[in-house]
Amino acid sequence: MSDRKDSMRLESPDGAVALEFRLAAAGPKWEDDRDCPFYRISYRGRTVAEWSRLGLELGGMAEFNSGFEIVGSEREDHEGSWQPPYGERAEIRDCFRSLRVTLRETIPPHRTLLLDFRCYDEGAAFRYVIPRQKGLEEVAITREKTEFVFPEKTEGYVEYHVEGEYFRMDLAQLDRACERPLTLAYADGSYACLHEAA
């Protein structure tokens, strides 16, 4: 695990999954292109997700996706288990390493955004946390600007209706409204799954 002023790295307990975080310029496709949060995920050295941008659009407020500085970070190693209410197993192992990055805007109103990253032996996860702060006592997230950029020639098993039929297709042809989880098939023969939690 290595950290620099503008970038950080997190690995799973077994070291197979790695998530990197950095602030960087977004490039020409975005109007606001400085000090934007990005992440990248790899498994055993193979890229699972290329550098992908993070951000939120808040109702009635300026977008929450650029002009940040890293003002803090916290790490934790967690080892535990939990009992599902039903399922095939009575107990599920819950072991991960986490990184919480605290970002603050460099221009007024200097809002704060927390990014929580976790690396499990089985995969990686992240979430946005908007702490209560002046001017953000109540927030309406009108759009999530999270990107998932995958290596070239990655295909997905796509389905557009609940309990519909899945079709394998190139991700370049993917309609954004597909159902999740989305199973990904990489050119090297490996697989991954993209899903979301409530």
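If you're wondering where the values come from, they're calculated on a predicted model, not measured in any experiment.

Which residues make up the packing of aromatic side chains, and what values do they have?
Tallying each qualifying case throughout the model produces 6 aromatic pairs. Summarising the aromatic geometry, the rings of tyrosine 39 and phenylalanine 126 are spaced 4.8 Å apart at their centres and angled 45° between planes, so their arrangement reads as tilted. In this pair, tyrosine 39 is assigned in strand β3 (residues 36–43) and phenylalanine 126 in strand β9 (residues 123–129), connecting sequence segments 87 residues apart. Given the relative accessible area of 25%, phenylalanine 126 is considered partly exposed. Pairing phenylalanine 117 with phenylalanine 126 gives two aromatic rings, centres 6.3 Å apart and planes at 55°, and the pair type is tilted. Through successive ring pairs, a cluster of aromatic residues spans Phe21, Tyr39, Phe117, Phe126 and Phe148. Looking at arginine 22, its charged tip hangs above the ring of tryptophan 51, at a distance of 3.9 Å from the centre.

Could you give an account of the environment of glycine 55, naming the residues involved and the relevant values?
Inspection of the secondary structure puts glycine 55 in the loop between β4 (46–53) and β5 (56–58). When residues no more than four places from it in sequence are discounted, the contact partners of glycine 55 are Phe64, Asn65, Tyr128, Glu144, Lys145 and Thr146.

Break down the side chain of aspartate 94 for me, with residues and values.
With respect to the element layout, aspartate 94 can be found in strand β7 (residues 92–105). Look at aspartate 94: it is buried, it has no salt bridge, and the nearest opposite charge is arginine 118 at 5.1 Å. Reaching out from aspartate 94, the side chain makes a polar contact with the side chain of histidine 78 at a distance of 3.3 Å. Discounting chain neighbours no more than four positions away, the residues touching aspartate 94 are His78, Glu79, Gly80, Ser81, Trp82 and Tyr120.

Please give an account of the sheet that holds β3 that cites residues and values.
With antiparallel pairing, 4 strands are arranged side by side in an open sheet as β1-β2-β3-β4. Edge strands, defined here as strands with exactly one partner in the open sheet, are β1 (7–11) and β4. Ignoring which end each strand starts from, the neighbouring axes of this sheet average 15° apart. Relative to strand β2 (residues 17–24), β1 runs antiparallel, the two sharing 5 bridges.

Help me get a handle on the environment of valine 101, residues and values and all.
In this structure, valine 101 sits in strand β7. With near-sequence residues (within four places) excluded, valine 101 lies in contact with Met8, Phe21, Ile70, Gly72, Ser73, Leu113, Leu114, Leu115 and Phe117.

Criteria and thresholds
Numbering of residues starts from 1 in every chain and runs along the sequence as written. Confidence filtering applies because this is a predicted model: local features only for residues at pLDDT of at least 70, side-chain atom pairs given and counted only at 80 or more, and all residues used for totals across whole chains, interfaces and linings. To get the side-chain values, take all heavy atoms of the structure and skip hydrogens and water. Side-chain rings of Phe, Tyr and Trp (the six-membered ring for Trp) are treated as a pair once their centres are within 6.5 Å; stacked means planes under 30 degrees apart, edge-to-face means over 60, and tilted covers the remaining angles. By definition, any uninterrupted DSSP run of H or I lasting at least four residues is a helix, any uninterrupted run of E lasting at least two residues is a strand, and each is numbered from the N terminus. Throughout, exposure labels follow a simple rule: accessible area from a 1.4 Å probe, protein chains only, divided by the maximum for the residue type, with under 20% read as buried, over 50% as exposed, and the rest as partly exposed. Only when the NZ atom of a Lys or the CZ atom of an Arg is both within 6 Å of the ring centre and within 35 degrees of the ring normal do we say a charge sits over the ring. Any pair of residues with heavy atoms lying within 4.5 Å of one another is described as a contacting pair. None of His or the chain ends enter the tally, which takes Lys and Arg as positive and Asp and Glu as negative. Whenever a carboxyl oxygen of Asp or Glu lies within 4 Å of a side-chain nitrogen of Lys or Arg, that contact is scored as a salt bridge. Pairs of N or O atoms within 3.5 Å make up the polar contacts considered here, provided that, within protein, one atom can donate a hydrogen while the other can accept it, and that residues adjacent in sequence are counted only when both atoms are side-chain atoms. DSSP calls a pair of strands paired once it identifies at least 2 bridges connecting them. As a rule, the C-alpha atoms of each element are fitted with a line to give its axis, helices using only the stretch in contact, and angles between N-to-C directions run from 0 to 180 degrees.

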